[in-house]
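Descriptive analysis of the structure
Residues per chain are reported as follows:
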Amino acid sequence: MQRAARPHCERTGVVNCDLRMGKSFDIGLQQLTRREAGARPDVSFAGPLAARGTFFLETFGCQMNDHDSEKVAGVLLSRGYRQVETPEAASLILYNTCSIREKAAQKVFSRLGEYREKQKDGKIIGVLGCVAQQEGEDIFERAPWVSLVCGSASYRKLPEMLAELEAGNHRVTGLDTDTDETFETEMTRRDNPWRAYLTIIEGCDKACSYCVVPYTRGPERSRSSEAILREVHQLAALGYSEVQLLGQTVNSYRDPRPRGMRFSELLLAVADVPGIRRVRFTTSHPSDFGQDIVAAIESEPKLCDHVHLPVQSGSTKVLQAMQRTYSREEYLEKVDMIRSAKRPIALTTDIIVGFPGETEADFEETLSLLEDAQYDSLFSFKYSPRPNTPSLSMNDSIPEEEKSRRLAVLQDKQREIQRVRNLALTGETVEVLVSGKSRRENQWAGYTTSHRLVNFTSQAHELLGTYVHVRVTDATPNSLLGEHAV
Ligand code: 5AD
Ligand code: SF4
């Protein structure tokens, strides 16, 4: 699956330094017939055993989108499609889109323009994800060469939609968000050989005034803890040792009856699955973040030392305008809770600068919050007005240059905080899950439980996928440097 530049590239920290190593994937499904590129879809190809040809899937956006793409790929593979590396080699081109900020959404249409020629070769083109949901059938008007428009809340209907496409239908849509169902699939094609992503809650019931997600991903729906734990057992059996539980507000998880597990209980149950060594979860909403989560982390070392807790702004006035449901003080209480844990827990956040009405004094409050919270990393964004959001009716009052200035000031400040925090780890020994090998000899990389990137030297021949101890010898704002401690 090709990955596009993430919106998270504005991150002051590290995580977009992608060390994922591709693992070949073969589900052993026979392709009985292959549709030649250039041929139109033919009804005679329909049916469960028919060969569906090849697909190319490009993904933009957040981890949820990445994981949705893994599930979509799983559905296609189980229907007999084969995944290919280039759009040229594919009979079906799918584009999983992001509309969280305007720039991301604009990219979609320029990329669709590039695909226009390809449709003339008989390829089927589909738009998935948030832009699909946002723009709906208008996409057919703007890009008539597109045959499928499907938002994430409708992925569970993908098999039927694929059948329609295979039957030659050129206008197939899945745009329903009014659902209480989740996207369960027998097959997920996972791209990371060691860390498995796992959605536990879809959609969002919060109503942050700047955010398209409640509109594009629909209402909050939690999967049952039975289904989640069954999947974790399967993942462990497949050799995954790290799982990351995903949700837009992952800690708002509400297990459907009869079991009714709390989120913190689910975390402990996942950590208890034999073979699992690390459990991550993202993204937490401050209002639903309680002491029980910190207590769970304290009691179970397999729960990673990391909480991602987006604050968005340090000014209570701006938080109110954003409809974030907490004040600066209430947020800082959660920070205290995390910072007073029995073992250190890394804390990261998201911040938006230049929200409508954000004064210089409000921005200064965000800067002072960075001092108070001492984040280990952050993602920062310039406010971007989005369709169908409450803040669209507010005057986007901060000029672009001023937003850029605030972003740069914020990032400089955070870089310095990270430099100091990372340097303080010099001399310590950390455990690293090795996920990358540099072209330079004896250079390896991986992540700590606190999700710090570590570049280190080792004479070992093969370390990928193993947990090793590394002595930290130096640090930059974005990574630790070290040597294998044997
Ligand atoms: N403009 C800028 N940033 C946004 N985010 C969400 N919506 C917008 C928007 N309209 C940011 C928030 C969120 C992260 C995923 O993206 O910080 O936490
Ligand atoms: Fe968007 Fe707010 Fe929901 Fe996060 S909690 S997905 S920012 S509406």
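In case you missed it, the structure is sitting above this.
Remember, it's a predicted structure, so these values are computed and weren't measured experimentally.

**Thoughts on the sheet that holds strand β15 (residues 377-382)**
Ordered in space as β13-β14-β15, the three strands form an open sheet in which the pairing is parallel. A single partner strand is all that each edge strand has here, and the edge strands are β13 (306-308) and β15. Each adjacent strand pair in this sheet contributes to an overall mean axis angle of 15°, direction not counted. Bridge count between β13 and strand β14 (residues 346-353): three bridges; the pairing is parallel. Among the inter-strand pairings, valine 307 is bridged to a residue of β14, identified as leucine 347. Relative to β14, helix α11 (residues 328-339) is tilted by about 160°, and along the sheet it contacts β13 and β14.

**Thoughts on the pairing of β14**
For β14, the tally of buried residues reaches eight of eight residues, placing the bulk of the element in the interior. Because side chains alternate across β14, one face comprises the buried residues Ala346, Thr348, Asp350 and Ile352, and the other comprises Leu347, Thr349, Ile351 and Val353, equally buried. Of the strand pairs in this sheet, β14 and β15 are connected by six bridges, and their pairing is parallel. Bridging from a neighbouring strand, isoleucine 351 pairs with serine 380 of β15.

**Some details on the environment of arginine 190**
The residue arginine 190 is located in the loop between β7 (172-174) and β8 (195-199) in this model. Taking the C-alpha atoms as reference, arginine 190 lies 7.9 Å from histidine 67; in sequence the two are 123 residues apart.

**Points about the packing of aromatic side chains**
Tallied over the entire structure, the rule returns six aromatic pairs. Taken together, a centroid distance of 6.4 Å and an interplanar angle of 85° make the contact between tyrosine 210 and phenylalanine 355 edge-to-face. Residue tyrosine 210 is found in the loop between β9 (201-202) and α6 (213-217), and its partner phenylalanine 355 is found in the loop between β14 and α12 (360-373); the two are separated by 145 residues along the sequence. Note on tyrosine 210: relative accessible area 9%, which makes it buried. Residue classification places phenylalanine 355 among the buried residues on the basis of a relative accessible area of 0%. Measuring from centroid to centroid gives 5.4 Å for phenylalanine 263 and phenylalanine 281, while their planes differ by 75°, and the two rings are edge-to-face. Highlighted residues: phenylalanine 263 in helix α8 (residues 263-271) and phenylalanine 281 in strand β12 (residues 278-282), separated in sequence by 18 residues. Summarising the burial analysis for this pair, phenylalanine 263 and phenylalanine 281 share the class buried.

**So, the site of ligand 1**
In the vicinity of ligand 1, the residues found are Ile100, Arg101, Tyr210, Gln312, Asp350, Ile352, Phe381, Lys382, Tyr383, Ser384 and Arg386. Measuring from a nitrogen atom of ligand 1, one finds a backbone N or O atom of tyrosine 210 at 3.0 Å. The side chain of aspartate 350 places a nitrogen or oxygen atom 2.6 Å from an oxygen atom of ligand 1. Calculation on ligand 1 without its partners gives an accessible area of 400 Å², and the protein chains cover 89% of this total.

**Brief notes about the pairing of strand β5 (residues 124-128)**
Consecutive side chains along a regular strand alternate between the two faces of the sheet. Burial of β5 is extensive: five of the five residues sit out of reach of the surface. Residues Ile124, Gly126 and Leu128 point to one face of β5 and Ile125 and Val127 to the other, with burial holding for every one of them. In this structure, strand β4 (residues 92-97) lies alongside β5, joined through five bridges in parallel fashion. Its bridge partner being in β5, tyrosine 95 is matched across the sheet by valine 127. In this fold, the crossover linking β4 to β5 by way of helix α2 (residues 102-120) has right-handed handedness.

**Here we look at the sheet that holds β12**
In space, the three strands of this open sheet follow the order β8-β11-β12, with parallel pairing throughout. In this open sheet, the two edge strands, each paired with only one partner strand, are β8 and β12. For this sheet the average axis-to-axis angle between neighbouring strands, irrespective of direction, equals 20°. Both strand β11 (residues 242-246) and β12 contribute to a ladder of five bridges, which runs parallel.

**Observations concerning the nonpolar core**
Core analysis: the biggest nonpolar cluster contains 66 residues, and Ile200, Leu245, Val279, Phe281 and Val307 have the highest contact counts within it. Top element by residues in this core is α8. It accounts for six residues. Leave out the neighbours within four places in its chain, and isoleucine 200 touches Arg221, Ser222, Arg223, Ile228, Leu245, Leu246, Val250, Tyr253, Phe263 and Leu266. One finds Phe60, Leu112, Ala132 and Val146 within the second-largest nonpolar core, a separate group that totals 23 residues.

**Here's the deal with the pattern of salt bridges**
All told, the structure shown has 37 salt bridges when counted by the stated rule. The salt bridge partner of glutamate 202 is lysine 71, with a shortest N-O separation of 3.9 Å. Placement of the pair is glutamate 202 in strand β9 and lysine 71 in helix α1 (residues 63-78), with a sequence separation of 131 residues. Like glutamate 202, the residue lysine 71 is buried in the burial classification. Salt-bridge contacts for arginine 79 lead to glutamate 166; the nearest nitrogen and oxygen are separated by 3.1 Å. Of this pair, arginine 79 sits in the loop between α1 and β3 (82-83) while glutamate 166 sits in helix α5 (residues 158-166), and the two are 87 residues apart along the sequence. An identical accessibility class is assigned to arginine 79 and glutamate 166; each is buried.

Basis of the calculations
- Residues numbered from 1 in each chain as written.
- Chains lettered and ligands numbered in written order.
- Predicted model: local features only at pLDDT ≥ 70, side-chain atom pairs only at ≥ 80, totals over all residues.
- Heavy atoms only, no water.
- Pairing = 2+ DSSP bridges.
- Helix = DSSP H or I, 4+ residues; strand = E, 2+ residues; numbered from the N terminus.
- Axes fitted to C-alpha atoms, helices over the stretch in contact; angles between N-to-C directions.
- Contact = heavy atoms within 4.5 Å.
- Buried < 20%, exposed > 50% of the residue type's maximum accessible area, 1.4 Å probe, protein only.
- Phe/Tyr/Trp six-rings, centres within 6.5 Å; stacked < 30°, edge-to-face > 60°.
- Near = heavy atom within 4 Å.
- Polar contact = N/O pair within 3.5 Å; in protein donor to acceptor, adjacent residues only side chain to side chain.
- Areas by Shrake-Rupley, 256 points an atom, 1.4 Å probe, with all protein chains shown as cover.
- Right-handed = clockwise from strand over helix to strand, strands pointing away.
- Core = buried A, V, L, I, M, F, W, Y, C linked by side-chain atoms within 4.5 Å.
- Salt bridge = Lys/Arg side-chain N within 4 Å of Asp/Glu carboxyl O.

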